[in-house]
Amino acid sequence: MKKYFPESELIINQDGSIFHLHLKPEQLADKVILVGDPGRVSQVARFFDAIECEVSNREFHTTTGTYKGKRITVLSTGIGCDNIDIVLNELDACANIDFATREEKEQLRSLSIVRIGTCGGLQPYTPTGTFIASVKSIGFDGLLNFYAGRNEVCDLEFEEAFKKHMNWNPLLSAPYVIDANAELIERVAGEDMVRGVTIACGGFFGPQGRELRIPLADPKQNEKVENFEYKGYRITNFEMESSAVAGLSRLLGHKAMTCCMVIANRLAKQANSNYKNNIETLIEMVLDRI
């Protein structure tokens, strides 16, 4: 028996679009680029040869078009894993739920999803301007812990080693470790991106070890993060979405990865706020390889 999704669980707007994204199923390409900043959607889409549609609602701005013969959707998510929960579930609904019958489709689509973002580097070999492909992501956000199947897709041994090294505070959400899609990493990261381990945080300040007026619960957090090593893996960067992108995609049957440009090196205490033009190189690389 097919699963039925009632109105309270799957909210469809009167025009036939999904609730938050305002996207209709036919407007979604199989290749998807996610960006945080709504303004970056046009920065990506200006490389398109043709624009098929543009849709906006709140922080979610979507453009679907073609690039060198490839149909691609570029979508802004806003900041944080909570927004990724909305975006990934609604993209999957557009791909794999029949909006007329409210039932799962017999033939499921698998999307290829690449997030392009910015991050803070945590190692001497990740200075500003470095491109990092997140081979593994550590979720400080706790999002994947709300979903069945979490243990089947996560690297549990890595999680335990990390919690032990950090002397993990039980008041915090349990961290989860999730792999990006290996085929997508090989294709998109190529030989010119650092393949790293990324921590996705639930905030920009305290969760990433930044202290302004409120003291940190663990002043040595970043020092411990920078020193962590497990089976040759070192943690390379902080950002705020990669774990949810990889984790939800894995559970839903999609291919996903994150690649970011380093705009601040936390170890060297350097930052480049004038990065917007430099990220276009990364955008073109992803468009060519997705």
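Scope of this entry: the structure provided in the associated data block. (Residues numbered from 1 in each chain as written. Predicted model: local features only at pLDDT ≥ 70, side-chain atom pairs only at ≥ 80, totals over all residues. Heavy atoms only, no water.)

In total, this model carries 18 salt bridges according to the counting rule given. Put simply, Glu-52 and Arg-71 hold a salt bridge, and the shortest N to O gap is 2.7 Å. Here Glu-52 is found in strand S2 (residues 50–57), whereas its partner Arg-71 is found in strand S4 (residues 70–76), with 19 residues between them in sequence. Residue classification places Glu-52 among the partly exposed residues on the basis of a relative accessible area of 44%. On the accessibility criterion, Arg-71 (31% relative accessible area) is partly exposed. Note that Lys-136 is salt-bridged to Asp-179, the shortest N-O span being 2.7 Å. Residue Lys-136 is found in strand S8 (residues 131–139), and its partner Asp-179 is found in strand S9 (residues 176–179); the two are separated by 43 residues along the sequence. (Salt bridge = Lys/Arg side-chain N within 4 Å of Asp/Glu carboxyl O. Helix = DSSP H or I, 4+ residues; strand = E, 2+ residues; numbered from the N terminus. Buried < 20%, exposed > 50% of the residue type's maximum accessible area, 1.4 Å probe, protein only.)

What follows covers the side chain of His-61. Counting through the fold element by element, His-61 comes out in strand S3 (residues 60–67). For His-61, a relative accessible area of 16% puts it in the buried group.

Our focus in this paragraph is unusual backbone geometry. Of note in the backbone geometry, Arg-102 takes a positive phi value of approximately 60 degrees without being a glycine. With respect to the secondary-structure elements, Arg-102 resides in the loop between strand S5 (97–98) and strand S6 (103–104). Residue class for Arg-102 comes out buried when judged on its relative accessible area of 12%. Phi at Asn-167 takes a positive value of approximately 50 degrees, unusual for a residue other than glycine. Turning to its location among the elements, Asn-167 is positioned in the loop between helix H4 (156–166) and S9. A residue is classified by how much of its surface remains accessible, and Asn-167, at 64% relative accessible area, is exposed.

Tracing the backbone shows Gln-221 in helix H6 (residues 221–227). In this structure the side chain of Gln-221 is engaged in a polar contact, spanning 3.2 Å, whose partner is the side chain of Asn-222. Non-local contacts of Gln-221, meaning those with residues more than four positions away in its chain, are made with Met-166, Gly-206, Pro-207, Gln-208, Gly-209 and Phe-238. (Polar contact = N/O pair within 3.5 Å; in protein donor to acceptor, adjacent residues only side chain to side chain. Contact = heavy atoms within 4.5 Å.)

Moving on, we get to the pairing of S4. S4 sits mainly inside the fold: six of its seven residues count as buried. Sheet topology note: the strand S1 (residues 31–35)/S4 ladder contains five bridges and is parallel. What sits directly across from Val-32, in S4, is Thr-73. Strand direction decides the pairing type here: S3 and S4, joined by six bridges, are antiparallel. Residue Thr-66 lies in a different strand from S4, and its bridge partner there is Arg-71. Remark: two residues form the turn of the hairpin made by S3 and S4, two consecutive strands paired antiparallel; Lys-68 in that turn has positive phi of roughly 50 degrees. (Pairing = 2+ DSSP bridges.)

Let us now look at helix H2 (residues 81–96). Counted at 1.5 Å a residue, the expected span for H2 with its 16 residues is 22 Å, and the 22 Å between its end C-alpha atoms agrees. Across the 16 residues that make up H2, a large majority, 12, are buried. Those residues of H2 lying buried are Cys-81, Asn-83, Ile-84, Val-87, Leu-88, Glu-90, Leu-91, Asp-92, Ala-93, Cys-94, Ala-95 and Asn-96. (Expected span 1.5 Å × (residues − 1).)

Close contact between H2 and helix H7 (residues 242–252) brings their axes to 9 Å; oriented N to C, the two are set at 30 degrees. Regarding the angle of H2 to H7, the classification is roughly parallel. In this structure, H2 crosses over H7, and the sense of that crossing is right-handed. Note on element contacts: H7 touches H2 through Ser-243, Ala-244, Val-245, Leu-248, Ser-249 and Leu-252, opposite Cys-81, Ile-84, Asp-85, Leu-88, Asn-89 and Asp-92. Broken down by class, the residue content of the contact of H2 with H7 amounts to seven nonpolar, three polar and two charged. (Axes fitted to C-alpha atoms, helices over the stretch in contact; angles between N-to-C directions. Parallel < 35°, antiparallel > 145°, perpendicular 65-115°, else oblique. Left-handed = near helix turned anticlockwise from the far one by under 90°. Nonpolar A, V, L, I, M, F, W, Y, C, P; charged D, E, K, R; others polar.)

Once that is clear, we can look at the packing of aromatic side chains. A full pass over the atoms with the stated rule returns eight aromatic pairs. Summarising the aromatic geometry, the rings of Phe-162 and Trp-168 are spaced 6.0 Å apart at their centres and angled 50 degrees between planes, so their arrangement reads as tilted. A connected cluster of aromatic rings, assembled from ring pairs, spans Phe-140, Phe-158, Phe-162, Trp-168, Phe-228, Tyr-230 and Tyr-233. Sitting over the ring of Phe-47, Arg-46 keeps its end group 4.6 Å from the ring centre. Directly above the ring of Phe-204 sits Arg-210, whose terminal nitrogen or CZ lies 3.8 Å from the centroid. (Phe/Tyr/Trp six-rings, centres within 6.5 Å; stacked < 30°, edge-to-face > 60°. Lys NZ or Arg CZ within 6 Å of the ring centre and 35° of its normal.)

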